[in-house]
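Read off the chains here:
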Amino acid sequence: MSIFQTTAVVCPQCDTRVFASLVDTINVDRFPELRERVLARDLHRVHCPRCNTAWTVQKKLLYMHRGKNTFILVATPRSRPDYARGPEVLEGLLAQVPQPYGSDGDRLTRTVFGLEELREKLVAQDAGFDDRIVEVLKAYALEDHPVLMQRSRLRVVLESVDGTTVRFTAFYDHDPERYEIRIDRTIVDRVIGSSTEIQATFAAVHQESSIFAAPPAAWINFGRWSPPNDASALLRTFAGRARQGGPVDSGSADFRRMLRDLPRGSHLSGVAKRDLRDLRDFFRQLQPPDEALLDRLFEIRFDKGLEDEWAVNLATDDIPRIWDVLEALPPLNVEGNTKLLRLNVNQFQGGGLYQWSGEIELGDAYIESAPALFDSTVRHEIGHAVMAQLDATRNGMATRWVAERFGWRYFDPKDSAQLEQWIQMMVPDWSNVPGETRRQIRDAVRASLGPGRSWGPPPPYQLPPGHLWNSPDFGPRLACEKSTSNWFDSNRDWQRSADGSKAFFANYWYAWPMVVDTAALDMVNGFLPSTYAAMSYFEFFSELYALYFSPDDERRHSIPDDVVAWFNANVGTPVQNGGAPVFAAVLIGDLPTTGLA
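Residues numbered from 1 in each chain as written. Predicted model: local features only at pLDDT ≥ 70, side-chain atom pairs only at ≥ 80, totals over all residues. Heavy atoms only, no water.

**With respect to the pattern of salt bridges**
Reasoning step 1: With the rule as written, the count across this model stands at 43 salt bridges.
Reasoning step 2: For the salt bridge of D324 with R280, the shortest nitrogen-to-oxygen distance reads 2.9 Å. Note that D324 is positioned in helix α11 (residues 318-327) and R280 in helix α9 (residues 270-284), a separation of 44 residues in sequence.
Reasoning step 3: Residue R280 is classed as buried on the basis of its relative accessible area, which comes to 1%.
Reasoning step 4: One salt-bridge network, held together by shared partners, links K273, R277, R280, D281, R284, R301, D317, D324, E327 and E335. (Salt bridge = Lys/Arg side-chain N within 4 Å of Asp/Glu carboxyl O. Helix = DSSP H or I, 4+ residues; strand = E, 2+ residues; numbered from the N terminus. Buried < 20%, exposed > 50% of the residue type's maximum accessible area, 1.4 Å probe, protein only.)

Written out as structure tokens, the structure reads:
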């Protein structure tokens, strides 16, 4: 039978959770329309109601068509480095399929990775092509189009076959561009007619690695010889040795080749990420630890630059510590975040700084004496990168949310209209103030904000004693005066609106007049880790982010339910089980075996 299950999946563009009807088994004899849906690229196609992204969900399944004696294991594309396990897994599944079906010699069994590769096998089957010859044709096509091989992660699939033309489509992972390659049918037929000679040549040149020597249920695809797949297989070998206590020769040619050719960050499979962690732990335990190698492994794992000084500073366990913090965050927040490029170290310093260039500066002074504080700082700075990514890719989403939910607003003091909006929120009859007086007060506010990039106010601005600015209850002046040095620490004293729902202050770092809901300040003073959250809406978001992703912090339970729901829907959920994401990819060996008919 073919069993559909309603499954929660996550939009690759905006992280929205969507429910989709997915199948565990494609039984073509009972549901022939499923084969047509694979050919039409319609199976497991999902549409996101939030951002309108459409994508194909990849999951493990078994394709079976007894009428054509065809049985294909479909694994996810990210499991390609495990291709050697495919035959064993598929044969184990076939042992559960009731007899009879055709003889073993007539049976087509294959392992493929993704529905696109499954579709290719069906196109070849319909055309009567040996899929091994199809891979030879791809090599011929690439020889005629070498420019396609100048970029990594190239995929080539058989698109269609008719009486005159065989069409291939070339594309790259994570790139929407598609390139069509056409081969005249007469040329293809001559190649097919020479298959005996081709097999003999491959046997002589490639011997046991020949595509024609692969076991029946193998992955038949030229991609199996790609350097990343070879590197992932080496990683599995070295990680296995590490788990057994070694030895692991990091200076060997194979180890250096692995480091050079491994996929990085989001292109790594779940298995490869765990293998990298095991290798990390092995080299971490050496005396002294091989920190230069830990640096290399970190950059592969997260596809982010790590300043070399992390390997030579006084702290000896800093790289694994940062690794653990990042691995507990949603992958799209880190390895999939284009607003996060590099992590630098400020030796003997505390705190951190996010640069809009995508670089983070982290002090290493408290890694050993106050590790929880260091972890929170890392999360805080990542929170800045997440906010930047949300704003850049989703039309200012994070900034709009903190404005709508918490009342955070800044006003450009260079824009007189904006500056007057801030003033009028405290002076309801502002429109009745004479124009020259309004101009003088605008100048006074600008002068009181200072030039920016300061932690304290400039000298008080002077206007005549009888001026409106100097009235005892004049809100804009009081808002500036009550914004002391390190104004965030004095947030309890900021100027309030008449009804007490708003607080007004001067931000001397950005030279902005600002306003925020007093309910947001109650959160800052009640349970957020630091009053620095009141510095600006950037810091407020990042402090919320840091606390939300600190599951062991009791203060996390104080975050309002609607705020938790917003983070769940738009940022992601904390990662569980030592680095395994909530929606982790399933290994080939974890393919469901129930419901096979």
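From this point, things continue past the structure.
**Some details on the sheet that holds strand β15 (residues 359-363)**
Reasoning step 1: Pairing within the open sheet is mixed, and its four strands lie in the order β12-β13-β15-β14. Looking at strand neighbours, the two that pair on one side only are β12 (305-306) and β14 (352-354), the edges of this open sheet.
Reasoning step 2: Where β14 meets β15, three bridges bridge the pair, whose relative direction is antiparallel. Along β15, the bridge assignment pairs L353 with E361. (Pairing = 2+ DSSP bridges.)

**Focus on the confidence of the model for the protein**
Reasoning step 1: Of all residues in the protein, 95% have pLDDT values of 70 or greater, and the mean over the chain is 90.
Reasoning step 2: For residues 577-597, every residue scores under 50 in pLDDT, and the model assigns this stretch 46 contacts once sequence neighbours within four places are set aside. (pLDDT = per-residue confidence, 0-100. Contact = heavy atoms within 4.5 Å.)

**A few points about the state of the cysteines**
Chemically, a disulfide is nothing more than a covalent bond linking the sulfur atoms of two cysteines.
Reasoning step 1: Going through the model one piece at a time under the given rule, you end up with zero disulfides.
Reasoning step 2: Of all cysteine sulfurs in the structure, the one in C51 sits closest to C11, which takes part in no disulfide; the separation is 3.6 Å.
Reasoning step 3: Taking relative accessible area as the criterion, C11 reaches 0% and is therefore assigned buried. (Disulfide = S-S within 2.5 Å.)

**Brief notes about the pairing of strand β10 (residues 165-172)**
Reasoning step 1: Counted residue by residue, β10 has seven buried out of eight residues, so it is predominantly covered.
Reasoning step 2: Bridge analysis of strand β9 (residues 154-161) against β10 gives seven bridges, and the strand direction is antiparallel. Counterpart to S160 in the pairing with β10 is R167.
Reasoning step 3: Turn length for the β9-β10 hairpin, with the two strands adjacent in sequence and antiparallel, is three residues.
Reasoning step 4: As defined by bridge partners, β10 adjoins strand β11 (residues 178-184) across seven bridges and the pair is classed as antiparallel. Bridged to T169 within β11 is E180.
Reasoning step 5: Count of turn residues in the β10/β11 antiparallel hairpin: five residues, of which H174 carries a positive phi of about 65°.

**Description of the packing of helix α8 (residues 253-261) against helix α10 (residues 291-302)**
Reasoning step 1: Relative to each other, α8 and α10 sit at 35°, their axes nearing to 10 Å. For the pair α8 and α10, the contacting residues are F255, L259 and R260 in the first and L293, R296, L297 and I300 in the second.
Reasoning step 2: Taken together, the residues of the contact of α8 with α10 sort by class into five nonpolar, no polar and two charged. (Axes fitted to C-alpha atoms, helices over the stretch in contact; angles between N-to-C directions. Nonpolar A, V, L, I, M, F, W, Y, C, P; charged D, E, K, R; others polar.)

**Describing the sheet that holds β9**
Reasoning step 1: Pairing is antiparallel in the open sheet, where three strands are placed in the order β9-β10-β11. In this open sheet, the two strands that pair with only one neighbour each are β9 and β11. Looking at each pair of strands side by side, their axes are set apart by 25° on average, direction ignored.
Reasoning step 2: The strands that helix α5 (residues 185-193) touches are β9, β10 and β11; relative to β11, the one it contacts most, it runs at about 70°.

**Observations regarding helix α14 (residues 416-426)**
Reasoning step 1: The set of residues buried in α14 consists of L419, E420, W422, I423 and M426. Summarising the axial view, the buried residues of α14 lie within an arc of 155°, below the 170-degree limit, and thus occupy one face.
Reasoning step 2: Along its buried surface, α14 packs onto α15 (435-449), α16 (475-481), β17 (495-496), β18 (502-507) and β19 (512-517).
Reasoning step 3: With a side-chain oxygen lying 3.0 Å from the backbone nitrogen of A417, the N-terminal cap of α14 falls on D415. (Arc of directions from axis to C-beta. Polar contact = N/O pair within 3.5 Å; in protein donor to acceptor, adjacent residues only side chain to side chain.)

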